[in-house]
Amino acid sequence: MEINWNTTYIDPQNLINISRGDQNRMLKYLNQFQELIPARIESLKESLQAEDRKTTRQILHQMSPQLQFFGIPGVIEPIRRLEHEYETMPIEDLKSLVNDILDKLDGASSEVALVLNNYF
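Here the structure is a predicted model, which is why all the values come from computation and not from measurement. (Residues numbered from 1 in each chain as written. Predicted model: local features only at pLDDT ≥ 70, side-chain atom pairs only at ≥ 80, totals over all residues. Heavy atoms only, no water.)

(A) Fine view of the overall build of the chain. Helices and strands together make up the secondary structure of the chain, namely five helices and zero strands. Of the regular secondary structure in the chain, the N- to C-terminal order runs α-α-α-α-α. The C-alpha radius of gyration computed for the chain amounts to 15 Å, which stays within 12% of the reference 14 Å derived for 120 residues, consistent with globular compactness. Across its three principal directions, the C-alpha atoms of the chain cover 45 × 20 × 20 Å. Sorting the 120 residues of the chain into buried and exposed places 40% on the buried side. Pairs at least 24 residues apart make up 66% of the contacts formed inside the chain by residues separated by at least 6 positions. With 12 positive and 18 negative side-chain charges, the chain shows a spacing of 6 Å between the two charge centroids. (Helix = DSSP H or I, 4+ residues; strand = E, 2+ residues; numbered from the N terminus. Rg over C-alpha atoms; globule rule 2.2 N^0.38 Å. Buried < 20%, exposed > 50% of the residue type's maximum accessible area, 1.4 Å probe, protein only. Contact = heavy atoms within 4.5 Å. Lys, Arg positive; Asp, Glu negative; His and termini not counted. Charge placed at Lys NZ, Arg CZ, Asp CG, Glu CD.)

Set out below in structure tokens:
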């Protein structure tokens, strides 16, 4: 199925492949992303503000499967790094990594909203 969503933060190919091009299944996955990720973004911001390393790691770990599913570039390696180094990493490095991830997640969330509005 040829879909040209012109996205930067998400790669729709995995979604298309898993959905086998079924519009209803794609819609289900996109809606699920919009239900889960914005709330987790807010929780992530709060844990970062509180400098709660363990909660930050847990939230990122919970988000990881969906982020991989949607092919969000540049977030999986930093998440893996944080999963292993969250206790020992200087807090400023942790904040910098998480803020970079948050920027990409905000972009991905906006793109999913645009895809839902423009194509479904």
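(B) Looking closely at the nonpolar core. Counting 35 residues, the largest nonpolar core has L67, F70 and I72 as the members making the most contacts within it. Broken down by element, this core gets its largest block of residues, 10 residues, from helix α5 (residues 91-119). Ignoring sequence-local partners within four residues, the contact set of I72 consists of Y9, I10, F33, L67, K104, L105 and A108. (Core = buried A, V, L, I, M, F, W, Y, C linked by side-chain atoms within 4.5 Å.)

(C) A look at the packing of aromatic side chains. Evaluated as defined, the whole model comprises three aromatic pairs. Geometrically, the ring pair formed by Y29 and F69 is tilted, given 5.1 Å between the ring centres and 55° between the ring planes. One end of the pair, Y29, is in helix α2 (residues 23-49); the other, F69, is in helix α3 (residues 53-69), with 40 residues separating them in the sequence. Ring geometry for F69 against F70: centres 5.1 Å apart, planes inclined by 70°, an arrangement best described as edge-to-face. A single burial state applies to F69 and to F70, both of which are buried. One aromatic cluster is present, formed by Y29, F33, F69 and F70 through successive ring pairs. (Phe/Tyr/Trp six-rings, centres within 6.5 Å; stacked < 30°, edge-to-face > 60°.)

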